[in-house]
Amino acid sequence: MRSKRNADVILAVSVTAIIAVTVVFLLFPVIVTAFMAFDAREFIGPFPPTDLSTQWFVKFWNSGYLWSGFKNSVQLAVAVTVVATAMGASAGLAISRMSPRWRDLTTTAFLSPLVLPGVIIGFALLMFLSVFNVLPVFPRLLCGHLIVTIPYTIRMTLVGLTGISATLVEAASSLGANERQAFFTITLPLAKNGIAAGAIFAFAFSMDDVTISLFLSDYDTYTFPVALVGLIRSHFELTIAAAAVALMGLTVVLLLALDRVLGLERVIGQGVYRT
Amino acid sequence: MKSGGSQVLPHLPEAAANAPIVKSAQKRIVGARVRAVKSQVLLLLPAVAVFVLFLGLPMLTVLNESFRTFEPGRIGSVEGAPLTIENYAELFLPVYMRYFSQTYFLAFCASLIAVLIAFPIAYFIARYASSTMRKAAMTLLIGLTFLSALVRVYALQLAFGSVGIFAPIMSALGVNMNGSLYINCVIVVGLLHYSIPMSILILIGAVQQLNPRLTEAAQSLGASALSSHLTVTIPLCIRGLVSAFLVSMTLGISAFIIPWILGRGRVMFISNLIYSRFSEITNYPSGAAISIVMMALSLLLIFIMSRLFTLLDRT
Amino acid sequence: MSVLNLKDITKKYGELAAVDGISLDMERGKVLSLLGPSGCGKTTTLRIIAGFTSPDTGTVEIAGKDVGHLRPYERNVGLLFQDYALFPHMTVAENVAYGMRHRGTPTSEITTRVLRMLSLVQLTGMEARRPHQLSGGQQQRVALARALAIDPQILLLDEPLSALDAKLRLELRLELKEILRSVGATTIVVTHDQEEALTLGDEVVVMNAGKIAQRGTPTQIYEAPADKFVAEFVGRSNWFHASKRSQSTDGLTSYVADDGLEIRTRASRPDSEGGVDLCVRPEDIELVDGTAPESAPSPEHNVLAGVVLDVAPLGADVHVVIELPGKSRLLAIRKNVGRGSEILPGQSVRALFSASDVLVFQR
C-alpha cells in the first residue's frame, strides 16, 4: 500500500516538474526576445537588459532592406489569401458533398503538401518554373505559397461544414429551394466561419514561409522572412529582435481573429492538429 | 459522388418505375445529379489545376532531373543530358549517409522527448484544468505553433547561441559551445520548441476522447494512479501518441530553418543538403535525387505508421 | 457492527452544497438504495465513499476505520459505474482479473476466481471476448463480476441498470438482486428509478437537495412518507391543498380542500399558516358507478363524485382520470379484471377512499 502511494507522490511531483520546466522552456526564449528588443545597449549583452530603449525598433523602421521585404510579404500574403481562400472554399464545398470514400481520398491528396518537406516543394517549383524563364518573381512566389496554403483553406472549410448535415440542404430542397438557392442560403452561410478561419491560416502561413520563398526569391524581390533569415546569418543583432516582436504582435492579432471567427477549441478539435 | 438532394432516388419502388410520372421525375432527379456532379467538378477545378501545375508537374521534373548526368559549372542538367543512376548511387557514400542518419536520429530523439513530455501535460490540461485555465493554455499552445519559425530560431539563438545570453553561463560551466554535441542538443531543443506544443494539442484531443471513468475504475480496483495510467490510460491513448510522434517526426525530418541557423553550418539536415546543392554548387540532379529519396523515406515512415495503426486497431 | 459510517458529510461546489450534512450507517450484508432525483447529491455521496471526491467536512468510516486519508486504491470498495467503464483493450477475463492482479493475488488463484466470478454472473465461456463483443446486459454483468472479484467490503452501484432498455432492465433487476443476495455483499445502489430502489434495497434512503429526506424499508417509504417530497417522488399520488380544518370527530379530521371538497383523514397535523397538503395514492381509490344510490362502505370513507375523463388500460392496470366538481383531477388505478367492469369516458362515477389512506403533510 505504501509503495503505491509513494509511486503516486513521485508521479505527481515529476508531472508538476515537467509542466513547470516546459512552460519556462517554451516561454523563456520568446520573453527574452521581447525584452532584448528594447535593449539600450549597442551589443548583445547578458539578460536582462540594463536599460531600455526603442533604438532597435527605430533601426528596424529605417531599414530599407527589411521594409522592402515586409511590403512584398504583405502584398503576397494578401494575394495568396484571396486566391487560396477562393479555391480552397470551393474545393472544400465540393469535397463535402462527395461520398465518404471519395471525400477521404481527395482530402488526403490535397493535404499531402503538409507532409512534404518545404525544401522539396521549393526546389521542385524552382526547377519546373526555370523551364519557363519568363515568369517574374511575384507570381512564382504566389504559386509556391498556394501549394502550402490551399490545404489549410480546404481543411478549415470542411471543419466549418462538419455538423451541417445533408438533411438541412434536403429540408431546404423540400421547402422549394433549388440547388443554387440551397447553396447560397444554407451551405455558404454555415460554412463562412470555417472559410474565414482558413483565410487566417493562409495569411499566417504565407507571412511565415521561409523555405519555399528562399528558392523563389531573387536579389530584388524577396519576402520579409527571407530578408530576416539573411540578416540572422550575416549580422546577428537586435534589429531582428524588434522585427520578431512585430511578427509576434501579428501572431497575437491572427490568433484573436481565429478565436473570434471559429473558436480555438474547434480549430484544434477537428482542425489541422489532427492527423 | 452524390449530392445531398438526390438521396431519395434509390428508395423509389421498382415496380412503380414504369409509371410515366415517376419516370419523368426520375429523369429530372438524374438530371439534377448530373448537374450537381458538374458543379462539383467545376468547384474542384481551380484547386486541382494549381496542384497539378505547381506540385505534380514540378515533382515529375524533379524525378526526371534526378536521373540526368550533372556537368560541373552548369546550372542544372543540359537538355537531353544522358540518363544515369549515378546521383542515387553516390548517396550510399558514407559522407551522404551521415546526413540521413543525423537527420533521422535527431528528429527521432526530439519526437520521442516531445511525446514523453507532452503526454502528462496534455493529460493535466484535459482532465484537471479549469475552463479558464484550459482556454489560456490552448491559446498559448496555438500561439506557439503559429509563431514564426524565424522568431523561434532567433529567440533560441539569442538564448543558447554562441553569442547568446547563456554563453557566459555555459562557458563558466565548462560546456564547449562549439562542440558538435552542444550543437546537436541545441537543434533538438529547437525542434522541441515546435513539436512539444504541437504534440500537446494532438494529445489533448486523444485524452478527451478517453472515458475518465476507466482510470477511476482501475483505481477503485486497487491500481495506483501510476499503474492505472500505465495499464489503462496510455494503452488507450496509443493512437494519439503515435499521431503526435508521427507529426513531430514529419516536421523534424523536413526541418530546414532550425538546423540551418542553429547548426551553424556544422550540422546539416537533408533539407539543408538539398538547399546547398541548389545554392552553392548548383548540382540540380544530385539535389533532385536526394529529394526523391527523402520523399520515399517520408512515405515509408507514414506507411509504417499507418500499418501500426491498423495493427493497434485489431488488438 | 456497522460496515459503513458516514458522519456529517458536506461537499460544496462553489456556493452549491451537493451533499449537505449527511450521516448514514450500514450493517454488513444489507442492500441500501440511495434514491433521489438527478442533482440531489447521491452520486457525490457515492464518490466520497469510493474516495474519488474528498468531503469538505465529516468523516467516512469503513469497518470502524476512518478512511478519509486513504486513496481509492487503498480502500476496499467495489464500484460499478453507470457506463460500466470496462477496459476496452482487455478481454472479459483480464477485466475481471484486473483488481486481483493489482492487489497481489497469486496468479493461480486469480484464474480460478475469475472463472468462479464469471459463472456467478452466468458468463461462463465468455472469458476471451472483448467488451465491445458483448451485449449491454452482458457488459453490466462483467462489470459486476469485476467489482465483486476483489471481495470488496462495500459494493457501490451507480445507476446500474440505467444504460439498458426497459425490458432488459426489469429482467436484470431481479438477476442482480439474486446475485447480491447470494454473495451477501454489503451494497449501496444509487438510482433515480424508484422501482429499482424499492426492489433492490432492504432499506431505501431518499435524498433531496443534498440532504436525507427519509430512511426506511421500501414499505415504510411508500406507505408512510416522511414529507411531501418523498410522497411525490415515490409512487403516484393525487394532491389536495386545504387551508382550513373544519372539525374533528371520532378520531377523524375533516379538511376542506381549496376547491370546496371535504376530505376526512385519520391522521392530523397541527394548524399552520400555509395549510396542509393531502395525498391519496391512486391504487387506494375505489371506483363505483355514479348512478347507483350513494352508500359509503363505512363512515371512515371519503366519497367524491366525478366524471370519467380518460381511461388508459396499461396491461395489468387501468389508469382512470376523473374530473371532480372543482375541475381538479383525480387518478385512480384499478386492476384490469376484464370485460363487464369496463369504465368509459363520460361516465359519472364515485371515488371512494378510506380516511386512513389519506396522508397529511404540513406546508
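Residues numbered from 1 in each chain as written. Chains lettered and ligands numbered in written order. Predicted model: local features only at pLDDT ≥ 70, side-chain atom pairs only at ≥ 80, totals over all residues.

Trainee: Explain the overall build of chain A here, please?
Mentor: Across its full length, chain A holds 12 helices and 0 strands. Against the globule reference of 19 Å for 275 residues, chain A gives a C-alpha radius of gyration of 23 Å, more extended than a compact globule. For chain A, the proportion of its 275 residues judged to be buried stands at 47%. (Helix = DSSP H or I, 4+ residues; strand = E, 2+ residues; numbered from the N terminus. Rg over C-alpha atoms; globule rule 2.2 N^0.38 Å. Buried ≥ 20, exposed ≤ 12 C-beta atoms within 10 Å, placed from the backbone.)

Trainee: Just to check I follow, could you spell out the sheet that holds strand S10 (residues 211–216) of chain C for this structure?
Mentor: For sheets, the rule is that strands pair by backbone hydrogen bonds, running either parallel or antiparallel. Residue and element names in this part refer to chain C. Reading across from one edge, S6-S7-S8-S3-S9-S10 is the order of the 6 strands in this open sheet, with mixed pairing throughout. Every interior strand has two partners, whereas the edge strands, strand S6 (77–80) and S10, have only one. On average, each strand axis in the sheet is inclined to that of its neighbour by 20°, with strand direction left out of account. Note: strand S3 (residues 31–35) against strand S9 (residues 203–208), 4 bridges, orientation parallel. Note that in S9 the partner of Leu32 across the bridge is Glu203. Relative to the sheet, helix H1 (residues 42–50) contacts S3, S6, strand S7 (154–158), strand S8 (187–191) and S9, its axis offset from that of S7 by approximately 150°. (Pairing = 2+ DSSP bridges. Axes fitted to C-alpha atoms, helices over the stretch in contact; angles between N-to-C directions. Contact = placed C-beta atoms within 7 Å.)

Trainee: How do you make sense of the interface of chain B and chain C when you look at a structure like this?
Mentor: Many authors give the size of an interface as the accessible area that is lost as the parts come together. Taken together, the 16 residues of chain B in the interface contact 18 residues of chain C. Listing elements by their share of the side of chain B that touches chain C, those giving two or more residues are helix H8 (212–220) and helix H9 (225–236) of chain B. The element best represented in the side of chain B that touches chain C is H8(B), accounting for 7 residues. Residue classes in the side of chain B that touches chain C are distributed as 8 nonpolar, 6 polar and 2 charged. (Nonpolar A, V, L, I, M, F, W, Y, C, P; charged D, E, K, R; others polar.)

Trainee: Explain unusual backbone geometry to me, please; I cannot follow it from the model alone.
Mentor: Phi is mostly negative for residues that are not glycine, and the peptide bonds are mostly trans. Residues and elements named next belong to chain C. Despite not being glycine, Ala85 has its phi angle at roughly 50°, a positive value. Here Ala85 lies in the loop between S6 and helix H2 (92–101). Judged by local crowding, Ala85 falls into the buried class, with 25 C-beta atoms found within 10 Å.

Trainee: Help me understand the environment of Leu27(A), please; the structure alone is not making it clear to me.
Mentor: With respect to the element layout, Leu27(A) can be found in helix H1 (residues 2–36). A C-alpha to C-alpha distance of 22 Å links Leu27(A) and Val229(A), two positions 202 residues apart in sequence.

Trainee: Hey, could you run me through the interface of chain A and chain B in this one?
Mentor: On the chain B side, the residues contacting the 77 residues of chain A number 75 residues. In terms of residue count, H1(A) provides more of the side of chain A that touches chain B than any other element does, 15 residues in total. Class assignment of the residues belonging to the side of chain A that touches chain B gives a composition of 58 nonpolar, 11 polar and 8 charged.

Trainee: Just checking my understanding: could you explain the confidence of the model for chain A for this structure?
Mentor: One rule of thumb: low pLDDT means the predicted coordinates there are not for detailed reading. Residues and elements named next belong to chain A. Averaged over every residue, the pLDDT of chain A is 84; the share at 70 or more is 93%. Within chain A, no element has a lower average pLDDT than helix H12 (residues 264–269), which sits at 69, and none a higher one than helix H3 (residues 64–96), at 91. Confidence drops under pLDDT 50 across residues 270–275; counting only partners more than four residues distant or on other chains, this segment forms 16 contacts. (pLDDT = per-residue confidence, 0-100.)

Trainee: How do you make sense of the packing of helix H4 (residues 136–149) of chain C against helix H5 (residues 166–183) of chain C when you look at a structure like this?
Mentor: Relative placement of two packed helices is described by the angle separating their axes and the distance separating the axes. Residue and element names in this part refer to chain C. As a packed pair, H4 and H5 sit with axes 11 Å apart at the nearest point and diverge in direction by 20°. Compared by their axis directions, H4 and H5 come out roughly parallel. Classified by chirality, the crossing of H5 by H4 is right-handed. Here H4 contributes Gly136, Gly137, Gln140, Leu144 and Leu148 to the contact with H5, which in turn contributes Leu168, Leu172, Ile179 and Val183. Classifying every residue of the contact of H4 with H5 gives 6 nonpolar, 3 polar and no charged. (Parallel < 35°, antiparallel > 145°, perpendicular 65-115°, else oblique. Left-handed = near helix turned anticlockwise from the far one by under 90°.)

Trainee: What should I look at first to understand the nonpolar core in this one?
Mentor: Soluble globular proteins tend to pack their nonpolar side chains together in the buried interior. Membership of the largest hydrophobic core comes to 162 residues, with the highest contact counts inside it found for Ala244(A) and Ala118(B). The element contributing the most residues to this core is helix H7 (residues 180–208) of chain B, with 15 residues. Dropping the residues within four chain positions of it, Ala244(A) is found in contact with Thr33(A), Ala37(A), Val151(B), Tyr154(B) and Ala155(B). Residues Ala18(C), Ile22(C), Val190(C) and Val320(C) belong to the second largest nonpolar core, which totals 98 residues. (Core = buried A, V, L, I, M, F, W, Y, C linked by C-beta atoms within 7 Å.)

Trainee: I tried to follow the sheet that holds strand S17 (residues 317–323) of chain C on my own but got confused; where do I start?
Mentor: All names here are of chain C. In space, the 5 strands of this open sheet follow the order S15-S19-S16-S17-S18, with antiparallel pairing throughout. A single partner strand is all that each edge strand has here, and the edge strands are strand S15 (286–289) and strand S18 (329–335). Direction aside, neighbouring strands of the sheet carry axes that sit 45° apart on average. Here S15 pairs with strand S19 (residues 348–354) via 4 bridges, running antiparallel. Within S19, the residue paired with Leu287 across the bridge is Ala351.

Trainee: I'm lost on helix H12 (residues 270–279) of chain B in this one. Help?
Mentor: Three or four residues apart is the spacing at which side chains of an α-helix point the same way, because the helix has 3.6 residues per turn. Burial runs high along H12(B): 8 of the 10 residues are buried. What H12(B) keeps buried is the set Ile270(B), Ser271(B), Asn272(B), Leu273(B), Ile274(B), Tyr275(B), Arg277(B) and Phe278(B).

Trainee: How do you make sense of the environment of Thr233(B) when you look at a structure like this?
Mentor: Residues and elements named next belong to chain B. Here Thr233 lies in helix H9. Looking at Thr233, the number of C-beta atoms within 10 Å reads 20, which means it is buried. In this structure the C-alpha to C-alpha distance between Thr233 and Ala218, which are 15 residues apart in sequence, comes to 9.7 Å. If we skip the residues at most four places from it in the chain, Thr233 touches Leu210, Thr215 and Ser228.

Trainee: Explanation requested: the pairing of strand S12 (residues 252–257) of chain C in the structure shown.
Mentor: On a regular strand, each side chain points to the face opposite its neighbour's, so the side chains alternate between the two faces of the sheet. Residue and element names in this part refer to chain C. Side chains of S12 alternate between two faces, with Thr253, Tyr255 and Ala257 buried and Leu252, Ser254 and Val256 left unburied. In terms of strand pairing, S12 meets strand S13 (residues 262–265) through 4 bridges, oriented antiparallel. If you follow Val256 over to S13, its bridge partner there is Glu262. Linking S12 to S13, which pair antiparallel, is a turn of 4 residues; within it Gly260 sits at a positive phi near 95°.

Trainee: What is the right way to read the pairing of S7(C) from this model?
Mentor: All names here are of chain C. Within S7, 5 of the 5 residues are buried, which leaves it mostly tucked inside the rest of the structure. Burial of S7 is two-sided: the residues Ile154, Leu156 and Asp158 facing one way and the residues Leu155 and Leu157 facing the other way are all buried. Pairing of S6 with S7 involves 4 bridges; the strand directions are parallel. Note that in S7 the partner of Leu79 across the bridge is Leu156. Bridge analysis of S7 against S8 gives 4 bridges, and the strand direction is parallel. Within S8, the residue paired with Asp158 across the bridge is Val190.

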